[in-house]
Amino acid sequence: MSIFLRNLIVRYHALLILSFILVPSISLNAENGYDLWLRYSYINDSEIRENYSQYFNKINISGESETLVVIKNELLRASKGMFNKKVLWENDHLKAKLIIVNKENYPKQLEKNVPQDWASIGEEGFSIKYVKINDNYKIIIAGNSEIGLLYGTFELLKQMQMQNDLSRLNIIESPKTDIRLLNHWDNLDRTVERGYAGFSIWNWHKLPEYIDPRYEDYARANASIGINGTVLTNVNANALVLEPRYIEKVKALADVFRPYGIKVYLTARFSAPIEIGGLETADPLDENVKNWWATKTAEIYKEIPDFGGFLVKANSEGQPGPQNYGRNHADGANMLADAVAPFGGVIMWRAFVYSEHDPTDRAKQAYSEFVPYDGQFRDNVIIQVKNGAIDFQPREPFHPMFGAMPKTPLMMEFQITQEYLGFSTHMVFLPKLYEEVLKADTYREGEGSTVAKVIDGSLHNKSITGMAGVSNVGTDINWTGHPFAQANWYGYGRLAWNPYLSAEEIAEEWLKLTFSTNPNFLDTMIPMLMESREAVVNYMTPLGLHHLMATGHHYGPGPWVNDLSRPEWNPTYYHKADKEGIGFNRSETGTNAVSQYEETVAKNFNEPATTPEKLLLWFHHLSWDYKMKDGNILWDALALKYQEGVNQVKKMISTWEQMKPYIDEERFKEVKMLLSIQLKEAKWWRDASLSYFQEFSGKPIPNGVPKPGKTLEEYKSMTYPYAPGIRPRW
Ligand code: BDP
């Protein structure tokens, strides 16, 4: 029996004994969550500890660079935490137990004994091999670049933290996308649009001199999951960040991040040439405008030679853009692309556009505005598309643009911050949402044309690929507000690296790294995480309903709102409840948004019978008496779904109670309190929504669902002027 298996069994037994006899006496160290998934907690099992720590007695790293220093520091930190031991460095690779080496320094002798497949390791990838050379077991981490070595080191440390069997290590990994970004919606005044974890971690006021140690920990955390870029500023951009006084601050951050393989990017306000450049126009075809951007870009690259490029939100929600000058998105994007091209920069041009002047279904507008320009964008432009056509709802069908622009690179934009999913109060494991979208089949090149294949570029052979996640990071001690919101940052990074990973394996990894490798804990918590996303869909927007939240801050239910100046800002625009029924008719008999999908997909979505019930009301307006697959009428099914969501949260609470023995008290209590708020809010969503929809259905609340505790008027009168994350006025 392998040591590994034996240890597992021993631990199982120990656990049984513990959970029956010793539970009250266990005390786990309080943790505030700052260390994220890089806790390197002490390994109590002496056999495993000794087995792992032998590799830290003789580590050989050849070469000198900032990234190698980062690698060494991480090894020191991990060794101190996991074994309470120092690291011993070994100059002779023949004597070393752990060798970390790039292609350039790879010793001839090793090449003979342990050949590497450098091509499949790729520019940012790595291999980790457990090998026997002259009767000695060694681990070799190899990469073409030092960043690859850094990723490989983090992978080895992850394997150890998960207490995996090292003798099985034979990994070759390389990222499947090129640009793996966090998008910070952070403002220069340190507020964070849709941020629920405190203020922005960028302390603009004290930069460039004062380097908060958090910057480095942020970089470590990101590098450990393969994130290689960060857009520092809000998509609702402020031109000031392009002024020299801010560029020097951005440079200071770039210098901190560089050794971690992380590039900085900025958002570009399209009207910056007017606002800070003194020009009279920002017309992308105007020579002065082109020159202004070219000069500005050169100025940035002079300070930050590896600056990544610009992210642009144009002609959307009041932001300026090329259409202000009668130009199109390609004109705008290409002008900026020309400015950054000499320096190897990219332009990420967002497809999140909709206009109050366009009376067509909001869900159709991005596709209509972009698809006709397929093939007209420069090579260094990538279009950044949200996962769904409306706006980061708890559930949306995949965006019809995916797969529909074969000649243009498209990158995914997911939201990690939980704007529409309970802020940082609700436990919602978002990799489940991401996975659903990535696995969706666009059918654009026949069956199996998944969104993941669009994103990794394999469907249409793209030269640049990427993924962006709207960050949920702030100044809260645990970074993300809810301890479980860390899982969404982690899971996003893992999927940006490999969009084919399953949500379940991510849940397992994250739980092991963040809480415990105890099998009882994992067997209970993995299913809980996996279900948490469906729970929030059920208690907020079941059966394909969407955009029902209150105005502005988006906190809590507001399905009744119908007095906002722009029709498509009103929830009533989306649910269209009336005496006849509920739902948005996007079929051929309605707005025909289904026609933007490939024929097979469109055909399914066009008919209620072939539309998945979880998306039913996204595509169809159906009678309250419509018969669902289980025989219930729609009204009853809707009410029961709301109740199911509430029940799921109740179950989460009792599951969490059982996890007490495995969690330190601080995080246990924190999550417990948050779950009780989640339950309160889940009930609020159910009761307020059903009271309102009942006005139209005229039907009784079905058995099994309690009657709402307040009148509809009372729900409507609840206001929350100081709910967090609201978009500041500017
Ligand atoms: C919406 C947010 C808004 C953002 C916008 C965007 O409510 O704050 O500015 O998306 O993505 O989800 O541009």
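For clarity, every value in this text was computed on a predicted model and none was experimentally measured. (Residues numbered from 1 in each chain as written. Predicted model: local features only at pLDDT ≥ 70, side-chain atom pairs only at ≥ 80, totals over all residues. Heavy atoms only, no water.)

Scanning the model with the defined rule gives 39 salt bridges in all. With a closest N to O distance of 3.2 Å, Arg194 and Glu419 form a salt bridge. One end of the pair, Arg194, is in the loop between strand 6 (179–183) and helix 7 (213–224); the other, Glu419, is in the loop between strand 12 (410–415) and helix 13 (431–439), with 225 residues separating them in the sequence. Judged on exposure class, the residue Arg194 and its partner Glu419 are both buried. Glu665 is paired through a salt bridge with Lys669; the nearest N and O atoms lie 3.3 Å apart. Linking Glu665 with Lys669, this pair stays in helix 22 (residues 665–697), spanning 4 residues, or about one helical turn. (Salt bridge = Lys/Arg side-chain N within 4 Å of Asp/Glu carboxyl O. Helix = DSSP H or I, 4+ residues; strand = E, 2+ residues; numbered from the N terminus. Buried < 20%, exposed > 50% of the residue type's maximum accessible area, 1.4 Å probe, protein only.)

On to the UniProt feature "domain: Alpha glucuronidase N-terminal" (unreviewed entry) in the protein chain, then. Taken from the UniProt record, the annotation "domain: Alpha glucuronidase N-terminal" (unreviewed entry) applies to residues 36–156. Helix makes up 39% of residues 36–156 and strand makes up 20%, while its end C-alpha atoms are separated by 17 Å. (UniProt positions renumbered as here; feature names shortened; annotations may be inferred.)

Attention now moves to the sheet that holds strand 13 (residues 466–470). Reading around the barrel, the 8 strands line up as 6-7-8-9-10-11-12-13 and close back on themselves, with parallel pairing between neighbours. For this sheet the average axis-to-axis angle between neighbouring strands, irrespective of direction, equals 25°. Pairing of strand 12 with strand 13, which is carried by 4 bridges, proceeds in the parallel orientation. Paired with Glu413 across the strands is Ala468, a residue of strand 13. (Pairing = 2+ DSSP bridges. Axes fitted to C-alpha atoms, helices over the stretch in contact; angles between N-to-C directions.)

On to the environment of Gly466. Note that Gly466 resides in strand 13. Put simply, Gly466 and Asp687 are 221 residues apart on the chain and 41 Å apart in space, counted from C-alpha to C-alpha. Beyond its immediate sequence surroundings of up to four residues, Gly466 is in contact with Thr177, Ile179, Ile382, Met411, Met412 and Ile455. (Contact = heavy atoms within 4.5 Å.)

A few words now on the packing of helix 17 (residues 519–540) against helix 21 (residues 634–658). Between helix 17 and helix 21, the shortest axis-to-axis distance is 8 Å and the interhelical angle comes to 150°. As judged from the angle between their axes, helix 17 and helix 21 are roughly antiparallel. For the pair helix 17 and helix 21, the crossing hand works out as left-handed. Facing helix 17, whose interface residues are Thr524, Met525, Met528, Glu531, Ser532, Glu534, Ala535, Asn538, Tyr539 and Met540, helix 21 presents Lys641, Tyr642, Glu644, Gly645, Val646, Gln648, Val649, Lys651, Met652, Thr655, Trp656 and Gln658. Counted by class, the contact of helix 17 with helix 21 contains 10 nonpolar, 7 polar and 5 charged residues. (Parallel < 35°, antiparallel > 145°, perpendicular 65-115°, else oblique. Left-handed = near helix turned anticlockwise from the far one by under 90°. Nonpolar A, V, L, I, M, F, W, Y, C, P; charged D, E, K, R; others polar.)

Next up on the list: unusual backbone geometry. In this structure, the amide linkage connecting Leu207 to the following residue, Pro208, adopts the cis form with an omega of 5°. By the element assignment, Pro208 lies in the loop between strand 6 and helix 7. Positive phi values are uncommon outside glycine, yet Arg190 reaches one of about 75°. Checked against the element boundaries, Arg190 lands in the loop between strand 6 and helix 7. The partly exposed category is assigned to Arg190, whose relative accessible area is 21%. If you check the backbone angles, Tyr443 has positive phi at about 60° while not being a glycine. Relative to the elements of secondary structure, Tyr443 occurs in the loop between helix 13 and helix 14 (451–455).

UniProt tags residues 480–704 as "domain: Glycosyl hydrolase family 67 C-terminal" (unreviewed entry). Between the C-alpha atoms that bound residues 480–704 the distance is 36 Å, and the span itself is 54% helix and 2% strand.

We now examine the sheet that holds strand 2 (residues 98–102). Sheet strands pair via backbone hydrogen bonds, and the direction of the pair is either parallel or antiparallel. Taken together, the 5 strands give an open sheet; going across it, the order is 1-2-4-3-5, and neighbouring strands pair in mixed fashion. What marks the edges here is a single partner per strand, and that holds for strand 1 (59–61) and strand 5 (170–173). On average, adjacent strands in this sheet sit at an angle of 20° to one another, irrespective of strand direction. Its contacts with the sheet place helix 3 (residues 66–83) against strand 1 and strand 2, and it is angled at close to 165° to strand 1.

What the domain assignment lists for the protein chain is domain 1 (46–173), domain 2 (179–502) and domain 3 (538–584 + 621–717). One C-alpha centre belongs to domain 1, the other to domain 2; they are set 34 Å apart. Contact with domain 1, which involves 13 residues of that partner, is made by 15 residues of domain 2. Carbon and sulfur atoms make up 52% of the area that domain 1 and domain 2 hide from each other, which totals about 1,200 Å². (Domains from an automatic or database assignment. Buried area = accessible area lost by both parts, 1.4 Å probe.)

Moving on to the site of the ligand. In the vicinity of the ligand lie 15 residues, with Glu193, Lys313, Arg350, Asp391 and Glu419 positioned nearest. Within the side chain of Arg194, an N or O atom sits 2.9 Å from an oxygen atom of the ligand. One of the side-chain N or O atoms of Glu419 is found 2.5 Å from an oxygen atom in the ligand. Taking 320 Å² as the accessible area of the ligand by itself, protein coverage stands at 99%. Of the residues belonging to the shell around the ligand, the class tally is 4 nonpolar, 2 polar and 9 charged. (Near = heavy atom within 4 Å. Polar contact = N/O pair within 3.5 Å; in protein donor to acceptor, adjacent residues only side chain to side chain. Areas by Shrake-Rupley, 256 points an atom, 1.4 Å probe, with all protein chains shown as cover.)

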